[in-house]
Amino acid sequence: MRSRTANWFECKIRYEKTMEDGLQKKVTEAYVVDALSFSEAEERIIEEMSSYISGEFTVTDIKKAPYGEIFFSDQELADRWYKAKLQFITIDEKTEKEKKSNVNYLVQAGSFNGAVKNLDEVMGGTMIDYTIASVAETQLMDVFEHVAKGAAKADDKPEYEG
């Protein structure tokens, strides 16, 4: 598991998709991109989707994504995205009362149980007390991270390590 904190935007794309039976159908799909502004999010989603979609497509919606962090799985079968709400329990030092704060995460996994397992794997390494308030599968198709030009991706190795 790998996690990434950034400014995330949910983008919806509408285009004509060729279905398994060969027919063309207008579909709207949701994606998440890492960007600094709405205009950069639009530019990024157009750039990313241009290599996947032949023909015209339109960006129908862009909104700030409610995720504090995204957890990426390295498992091959992890092809779904789950929205998870975690409650963190802290003690107010002045009043000595428990305080719960909610944080949303996006978790990549192959199943609901896999998403819970991935959450526990990442959060188990922290000292903070938490409970999983909810986990729900999303309709998101993919997440596109920003990789600076010339920067190596996380799984890239120098040629001499081939």
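Preceding block: the structure.
Here the structure is a predicted model, which is why all the values come from computation and not from measurement. (Residues numbered from 1 in each chain as written. Predicted model: local features only at pLDDT ≥ 70, side-chain atom pairs only at ≥ 80, totals over all residues. Heavy atoms only, no water.)

Colleague: Sorry, what's going on with the overall build of the protein chain here?
Modeller: When helices and strands are tallied, the protein chain shows 2 helices and 9 strands. Starting at the N terminus and walking to the C terminus, you meet the elements of the protein chain as β-β-β-α-β-β-β-β-α-β-β. Judged by the C-alpha coordinates and their principal axes, the protein chain covers about 60 × 45 × 35 Å. Per-residue burial over the protein chain gives 31% buried out of 162 residues. For the protein chain, restricting intrachain contacts to residue pairs at least 6 apart in sequence, the fraction spanning at least 24 positions comes to 66%. Working note: accessible area of the protein chain is about 10,800 Å², and carbon and sulfur atoms make up 47% of it. Placing the 21 positive and 31 negative side-chain charges of the protein chain at their respective mean positions leaves the two points 6 Å apart. (Helix = DSSP H or I, 4+ residues; strand = E, 2+ residues; numbered from the N terminus. Buried < 20%, exposed > 50% of the residue type's maximum accessible area, 1.4 Å probe, protein only. Contact = heavy atoms within 4.5 Å. Areas by Shrake-Rupley, 256 points an atom, 1.4 Å probe, with all protein chains shown as cover. Lys, Arg positive; Asp, Glu negative; His and termini not counted. Charge placed at Lys NZ, Arg CZ, Asp CG, Glu CD.)

Colleague: Would you mind going over the sheet that holds strand E4 (residues 57–64) with me for this structure?
Modeller: Backbone-to-backbone hydrogen bonds join strands into a sheet, with any given pair of strands oriented parallel or antiparallel. Strand order in this open sheet of 4 strands is E4-E2-E3-E9, and the pairing throughout is mixed. Edge positions in the open sheet fall to E4 and strand E9 (140–144), since each of these has one partner strand only. Between one strand axis and the next, the sheet turns through 25° on average, direction left out of account. When strand E3 (residues 24–34) meets E9, the two strands line up parallel, connected through 4 bridges. Note on E9: the bridge partner recorded for Val33 is Phe144. Packed onto the sheet, helix H1 (residues 38–50) meets strand E2 (8–18), E3, E4 and E9 and runs at close to 140° relative to E4. (Pairing = 2+ DSSP bridges. Axes fitted to C-alpha atoms, helices over the stretch in contact; angles between N-to-C directions.)

Colleague: Explanation requested: H1 in the structure shown.
Modeller: An α-helix turns once every 3.6 residues. As a result, residues three or four positions apart point the same way. The end-to-end C-alpha distance of H1, which contains 13 residues, comes to 18 Å, matching closely the 18 Å that a straight helix rising 1.5 Å per residue would cover. Turning to H1, its buried residues are Ala41, Arg44, Ile45, Glu48 and Met49. The buried residues of H1 occupy one face: seen down the axis, they fall within an arc of 120°. Within H1, the exposed residues directed more than 90 degrees away from the buried face are Ser39, Glu43 and Glu47. On its buried face, H1 is in contact with E2, E3, E4 and E9. (Expected span 1.5 Å × (residues − 1). Arc of directions from axis to C-beta.)

Worth remembering: the numbers are spatial, not functional.
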